[in-house]
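# Descriptive structure summary
Residue-level listing of the chains:
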Amino acid sequence: MPALSDTQWLCDFGFLCDITEHLDTLNVKMQGCKQVITEMYDSVKAFQLKLRLWEKQMQEGNLSHFPTCQAVSAGVTFPGDAFAAKLNLLHVEFERRFSDFRKQQFQFQLFSNPFIVEAAS
């Protein structure tokens, strides 16, 4: 199979495998009953922070959160900057899709911790 000898294709495939696994973990975390919207929103916010971390690490060539990328990058120049740009695009898309939730952030905080409001208000 000629694709398996193409290092660029292998790097792309490795990145796709790793990021899909991270997205699947988020997906599973947000499923199920007895979930409160504030917990789901916290999971999304945490994932967005992880995306920023992974983007920075990818730019530095740190593949510690991408084990498949580590495996395929042995002895190859890994295009970390290109994948950092893809992580940035994914973060921007998360920001866009969950912008309505960000507008409700104060209500979520109030729901999860009602003592943040002053009694005089």
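Residues numbered from 1 in each chain as written. Predicted model: local features only at pLDDT ≥ 70, side-chain atom pairs only at ≥ 80, totals over all residues. Heavy atoms only, no water.

Let us look at the overall build of the protein. Along its length, the protein carries six helices and zero strands. Reading the protein from its N terminus to its C terminus gives the helix and strand order α-α-α-α-α-α. Taking 121 residues into account, the globule formula puts the C-alpha radius of gyration at 14 Å, and the protein, at 19 Å, lies well above it. Burial analysis of the protein (121 residues in total) assigns 26% to the buried set. Here the analysis covers contacts within the protein between residues at least 6 apart in sequence; of these, 65% occur between residues at least 24 apart. In the structure as shown, the protein presents an accessible area of about 8,200 Å², 59% of it carried by carbon and sulfur atoms. (Helix = DSSP H or I, 4+ residues; strand = E, 2+ residues; numbered from the N terminus. Rg over C-alpha atoms; globule rule 2.2 N^0.38 Å. Buried < 20%, exposed > 50% of the residue type's maximum accessible area, 1.4 Å probe, protein only. Contact = heavy atoms within 4.5 Å. Areas by Shrake-Rupley, 256 points an atom, 1.4 Å probe, with all protein chains shown as cover.)

Turning next to helix α4 (residues 80-97). The end-to-end C-alpha distance of α4, which contains 18 residues, comes to 26 Å, matching closely the 26 Å that a straight helix rising 1.5 Å per residue would cover. Residues of α4 that are buried: G80, F83, A84, L87, H91 and F94. For α4, the angular spread of the buried residues around the axis is 105 degrees, confining them to a single face. Every exposed residue of α4 that faces more than 90 degrees away from the buried side is listed here: D81, L89, R96 and R97. At its buried positions, α4 is contacted by α1 (7-29) and α2 (37-60). (Expected span 1.5 Å × (residues − 1). Arc of directions from axis to C-beta.)

Applying the stated rule across the entire model yields five salt bridges. Notably, a salt bridge pairs R96 with E93, separated by 2.5 Å at the nearest N-O pair. Remark: E93 and R96 occur in helix α4; sequence separation between them is three residues, near one turn of the helix. The salt bridge involving R97 is made with E93; its shortest N-O contact spans 2.7 Å. Of the two residues, R97 and E93 are both situated in helix α4; the distance of four residues between them amounts to about one turn of the helix. (Salt bridge = Lys/Arg side-chain N within 4 Å of Asp/Glu carboxyl O.)

Turning next to α2. Here α2 spans 35 Å end to end across 24 residues, near enough to the 34 Å set by a 1.5 Å rise per residue. Looking at α2, one finds that the buried residues are T38, Y41, S43, V44, F47, Q48, L51, W54, E55, Q57 and M58. One or two steps after α2, the chain reaches G61, where phi turns positive at roughly 85 degrees.

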